[in-house]
Amino acid sequence: MNDQKNAAQVGLGLRREMLSEFCESVPEAINFFEVAPENWMTLGGKFGRQFRELTEQHTFYCHGLSLSIGSPEPLDLAFVKNIKTFMDLHQIQIYSEHLSYCSGQGHLYDLMPIPFTDAAVKHVAARVKQVEDILERPLILENVSFYAAPGARMSELEFVNAVLQEADCKLLLDVNNIYVNSINHQYDADTFLQAMPTERIAYLHIAGHYKQAEDLLIDTHGAAINDPVWALLQRCYALHGVKPTLLERDFNVPNTAELLLELNQIHAYQAAAPSSHIQNSAHVVKRIA
């Protein structure tokens, strides 16, 4: 039962406009918050005080935007050290980032696909170790949505698994990204999901997307979750066990009452998952005192 309680956690991406409301009261359906550290590290004044108030009382995860783990340029070590300082200050232990890159000779302001090659696998894995040594924490990598695969010598599935194996790191499994990519690149989402290494899955993301055409979905985090993605989440729990699951909503953010409908839907799917598949994720959700 304790294993189920530890794994059956539901989180929400925190945005500044939510601070005042949640400093007054956090709904029971929200077990943890996730933030992009880049958006909060230099925040002062009222927002800074409110954020500190929440981190002192609730579990937080960090999900970065600017690490650029696959970039051909050297890692920004000063930036990684700033991340560590931020996480130490707020006693945050979980740090995830995108398996992609967003910088070369300058910042690209988008998440670009890493070439699916053996050389890229080794390059990323070496950089993961660099980051972990500085943070003194694991680096969790997320499977990303992508719209082209330049220079690919293997499939997305092969690449993700190869990086996880070479770097010996955990996976943030984004269920919506699997679905989006399966439509855009015409592969079977269930096959991809089954091939993910259960023991490496730290937690999950789920979100909505925009349907631009029958064969083109855009990963926006700006809409309600649709039925195929909900079904894939249930399938994920059946295959890999219940994991802490984060609802992403970055644009067109509705009021809390509407967000709670989706948060409670996740709770319902977690509760309905076969108990034999419940995985102990206490190492992920434990609050560090």
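Structure's up top.
This report concerns the structure included in the present document. Please read all numbers here as calculations on a predicted model, not as lab measurements.

Focus on the nonpolar core
Logical step 1: Membership of the largest hydrophobic core comes to 78 residues, with the highest contact counts inside it found for L14 and Y95.
Logical step 2: Other than its neighbours up to four places away in sequence, Y95 contacts P37, C62, G64, L67, F79, I83, M87, V131, L135, P138, L139 and I140.
Logical step 3: Counting residues in hydrophobic clusters, the runner-up holds 8 residues, among them I94, I140, L172 and L246.

Describing helix α4 (residues 77–90)
Logical step 1: In this model α4 runs 20 Å from its N-terminal to its C-terminal C-alpha over 14 residues, within 8% of the 20 Å that 1.5 Å per residue would give.
Logical step 2: When α4 is considered as a whole, its buried residues turn out to be F79, V80, I83, K84, F86, M87 and H90. The buried residues of α4 occupy an angular sector of 165 degrees when the element is viewed end-on, so they sit on one face.
Logical step 3: Considering only its buried residues, α4 is in contact with α3 (45–57), β3 (59–63), β4 (94–98) and α5 (118–135).
Logical step 4: The first or second residue beyond α4 is Q91, which carries a positive phi of 55 degrees.

Concerning the packing of α3 against α4
Logical step 1: Relative to each other, α3 and α4 sit at 65 degrees, their axes nearing to 9 Å. Each of F51, R52 and T55 in α3 lies in contact with α4, whose residues at this interface are F86, L89 and H90.
Logical step 2: Of the residues contributing to the contact of α3 with α4, the split by class is 3 nonpolar, 2 polar and 1 charged.

Points about the pairing of β4
Logical step 1: When you tally the buried positions in β4, you get 5 out of 5 residues, the bulk of the element.
Logical step 2: Where β3 meets β4, 3 bridges bridge the pair, whose relative direction is parallel. Across the sheet, the residue bridging to C62 is Y95, located in β4.
Logical step 3: Once the chain exits β3 it traverses α4 before rejoining the sheet at β4, and the crossover so formed is right-handed.
Logical step 4: Relative to strand β7 (residues 140–142), β4 is paired through 3 bridges, and the arrangement is parallel.

Quick notes on the pairing of strand β8 (residues 170–174)
Logical step 1: Counting buried positions over the 5 residues of β8 gives 4, a clear majority of the element.
Logical step 2: Here β7 runs beside β8; their pairing, made up of 3 bridges, is parallel. Residue pairing in the sheet places I140 in a bridge with K170 of β8.
Logical step 3: Strand direction decides the pairing type here: β8 and strand β9 (residues 201–206), joined by 4 bridges, are parallel. The partner of L172 across the bridge, within β9, is Y203.

Some details on helix α9 (residues 227–240)
An α-helix turns once every 3.6 residues. As a result, residues three or four positions apart point the same way.
Logical step 1: A rise of 1.5 Å per residue sets the reference length of α9, with its 14 residues, at 20 Å; its end C-alpha atoms lie 20 Å apart and thus fit the reference within 8%.
Logical step 2: Listed as buried for α9 are V229, W230, L232, L233, C236, Y237 and H240. One side of α9 holds all its buried residues, which, seen down the axis, span an arc of 160 degrees.
Logical step 3: On the buried face of α9, the contacting elements are β8, α7 (175–184), α8 (189–194), β9, β12 (245–247) and α10 (256–272).

A look at the sheet that holds β4
Logical step 1: Taken in spatial order, the 8 strands close into a barrel running β1-β2-β3-β4-β7-β8-β9-β12, and their pairing is parallel. Mean inter-strand twist for the sheet, computed between neighbouring axes without regard to direction, equals 30 degrees.

A closer look at the packing of aromatic side chains
Logical step 1: Following the criterion strictly, the structure yields 10 aromatic pairs and no others.
Logical step 2: Relative to F60, the ring of F51 lies with its centre 5.4 Å away and its plane at 85 degrees, an arrangement referred to as edge-to-face. By the burial criterion, F51 is buried, and F60 matches it.
Logical step 3: Relative to F159, the ring of F116 lies with its centre 5.0 Å away and its plane at 35 degrees, an arrangement referred to as tilted. With a gap of 43 residues between them, F116 in the loop between β6 (106–112) and α5 and F159 in helix α6 (residues 156–167) connect regions that are remote in the sequence.

Observations concerning the pattern of salt bridges
Logical step 1: In total, this model carries 9 salt bridges according to the counting rule given.
Logical step 2: For R15, the salt bridge is made with E17, and the minimal N-O distance between the two is 3.5 Å.
Logical step 3: Given the relative accessible area of 56%, E17 is considered exposed.
Logical step 4: Note that D250 is salt-bridged to R15, the shortest N-O span being 3.5 Å. Remark: R15 occurs in the loop between β1 (10–13) and α2 (19–24) and D250 occurs in the loop between β12 and α10; sequence separation between them is 235 residues.
Logical step 5: When salt bridges with common partners are traced through the structure, they connect K84, D88, E136 and R137 into a single cluster.

Parameters and conventions
- Residues numbered from 1 in each chain as written.
- Predicted model: local features only at pLDDT ≥ 70, side-chain atom pairs only at ≥ 80, totals over all residues.
- Heavy atoms only, no water.
- Core = buried A, V, L, I, M, F, W, Y, C linked by side-chain atoms within 4.5 Å.
- Buried < 20%, exposed > 50% of the residue type's maximum accessible area, 1.4 Å probe, protein only.
- Contact = heavy atoms within 4.5 Å.
- Helix = DSSP H or I, 4+ residues; strand = E, 2+ residues; numbered from the N terminus.
- Expected span 1.5 Å × (residues − 1).
- Arc of directions from axis to C-beta.
- Axes fitted to C-alpha atoms, helices over the stretch in contact; angles between N-to-C directions.
- Nonpolar A, V, L, I, M, F, W, Y, C, P; charged D, E, K, R; others polar.
- Pairing = 2+ DSSP bridges.
- Right-handed = clockwise from strand over helix to strand, strands pointing away.
- Phe/Tyr/Trp six-rings, centres within 6.5 Å; stacked < 30°, edge-to-face > 60°.
- Salt bridge = Lys/Arg side-chain N within 4 Å of Asp/Glu carboxyl O.

Limitation: the analysis is restricted to geometry and does not speak to function.
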